[in-house]
Amino acid sequence: MTEQLRLMAVHAHPDDESSKGAATMAKYVSEGVDVLVATCTGGERGSILNPKLQGDPYIEEHIHEVRKKEMDEAREILGIKQEWLGFVDSGLPEGDPLPPLPDGCFALQDVQAAAEPLVKLIREFKPQVITTYDENGGYPHPDHIMTHKISMVAFEAAGDPEQYPEAGEPWQPQKLYYNQGFNRPRTVALHEALLERGLESPYGEWLERWKEFERRERTLTTYVPCADFFEIRDKALIAHATQIDPDGGWFRVPMDIQKEVWPTEEYELAKSLVDTSLPEDDLFAGIRNN
């Protein structure tokens, strides 16, 4: 390897990096890859999802600072670098009809303008590979969809000296992936493995909801073996204490079953400027030996 490998993961909120691709990042860190998470918002409008912390007046009043501290802890656990892009959480609108998004929030920014801080970070960090969300945001949170939009603009613009001339020297990433860790084949495999062993599955309702949404199946191109890092992933996720109930559904599948039945994290190759053969088992396939 003649050049340092660098991976950038672009996420909407603090905690997204620990629930999507965290074991992959920890694996690459262990191999000497430089890994940076770009977090678009501070998660200021996120609900307190851990029932043990709901109603805590300090957390409710200082949610931004609390979530920043949680991110610091998760970053240390994963061994990664992390930067904030500085946008304000849009919140997840609920109701029928949906209420308007709050003024000034991330999802209401002009896409071209909002991409500039990400272009600047790409040019500074010089990743060969970027991971982000698909056009549906993985799920349709407005900040996840906006994260997709700015990632696509930044991937194309970062290497173009004509675009964002104030954002530093051009750098062209070689590959861009969509996180697809929450995919139907994985969910079905774990669900069936639990039932075969006489255990309760947390995925029954998920699979029913999948039918209702009529989501098209994504193309899984890349399966990164990272079972040895599942415990680190879970530890990083639990560090986001306001967002994750350690006794909740996330952790109901015994670790030995996870490792045996589905020992990978999955991605969809969206853009590649290098030759590669699908399916892959490495985000740097086609880059390592070039």
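Description of the structure in this document. (Residues numbered from 1 in each chain as written. Predicted model: local features only at pLDDT ≥ 70, side-chain atom pairs only at ≥ 80, totals over all residues. Heavy atoms only, no water.)

1. Looking at the overall build of the protein
Operational definition: In this text, helices come from DSSP runs of H or I with a minimum length of four residues, and strands from runs of E with a minimum of two, each type numbered from the N-terminal end. A radius of gyration in this sense is built from C-alpha atoms; the matching globule rule multiplies 2.2 Å by the number of residues raised to 0.38. Burial classes: relative accessible area under 20% of the type maximum marks a residue as buried, over 50% as exposed, and values in between as partly exposed (1.4 Å probe, protein chains only). Here, two residues are considered to be in contact whenever any of their heavy atoms come within 4.5 Å of each other.
Looking only at helices and strands, one finds eleven helices and seven strands in the protein. In terms of overall size, the protein behaves like a compact globule, its C-alpha atoms giving a radius of gyration of 19 Å where 290 residues would be expected to give roughly 19 Å. Judged by the C-alpha coordinates and their principal axes, the protein covers about 60 × 45 × 35 Å. Evaluated residue by residue, the protein yields a buried proportion of 50% over its 290 residues. Counting contacts in the protein only where the partners sit at least 6 residues apart, residues at least 24 apart contribute 80% of the total.

2. A closer look at the pattern of salt bridges
Applied cut-off: Salt bridges, as used here, are contacts in which a Lys or Arg side-chain nitrogen is within 4 Å of a carboxyl oxygen on Asp or Glu.
Enumeration over the complete set of coordinates arrives at 21 salt bridges. A salt bridge links Arg75 to Asp72; its shortest N-O distance comes to 3.0 Å. Of the two residues, Arg75 and Asp72 are both situated in helix H4 (residues 63–78); the distance of three residues between them amounts to about one turn of the helix. Given the relative accessible area of 21%, Arg75 is considered partly exposed. The network of salt bridges with shared partners includes Lys27, Glu31, Asp282 and Arg288.

3. Structural notes on the pairing of strand S7 (residues 264–272)
Note the threshold: One bridge is not enough; two strands pair if DSSP finds at least two bridges between them.
Pairing between strand S5 (residues 175–179) and S7: five bridges, direction antiparallel. Bridge pairing in S7 links Tyr178 to Glu268. Pairing of strand S6 (residues 222–225) with S7, which is carried by four bridges, proceeds in the antiparallel orientation. Bridge pairing in S7 places Val224 opposite Glu265.

4. Description of the environment of Leu220
In this structure, Leu220 sits in the loop between helix H9 (204–213) and S6. The class of Leu220 is buried, set by a relative accessible area of 15%. The sequence separation of Leu220 and Pro279 amounts to 59 residues, and the corresponding C-alpha distance is 8.0 Å. Those residues in contact with Leu220, other than ones at most four positions away along the chain, are Gln180, Asn183, Pro185, Glu266 and Tyr267.

5. Side note on the side chain of Thr187
Along the chain, Thr187 turns up in helix H8 (residues 184–196). Under the relative-accessibility criterion, Thr187 is labelled buried at 0%. Apart from residues lying up to four places away in sequence, Thr187 is in contact with Tyr203, Trp206, Leu207 and Trp210.

6. A short note on the packing of aromatic side chains
Selection criterion: Only rings of Phe, Tyr and Trp enter the pairing, Trp through its six-membered ring, and a pair is recorded when the two centres are within 6.5 Å. The plane angle decides the type: under 30 degrees is stacked, over 60 is edge-to-face, the rest tilted.
Scanning the entire structure with this criterion turns up five aromatic pairs. Considering the side-chain rings of Tyr28 and Phe284, the 5.3 Å spacing of their centres and the 85 degrees angle between planes classify their relative orientation as edge-to-face. Within this pair, whereas Tyr28 is found in helix H2 (residues 22–30), its partner Phe284 is found in the segment after S7, the two being separated by 256 residues in sequence. Residue Tyr28 is classed as buried on the basis of its relative accessible area of 0%. Here Tyr177 and Tyr267 contribute two aromatic rings whose centre-to-centre distance is 6.2 Å and whose plane-to-plane angle is 75 degrees, an arrangement assigned as edge-to-face. Within this pair, whereas Tyr177 is found in strand S5, its partner Tyr267 is found in strand S7, the two being separated by 90 residues in sequence.

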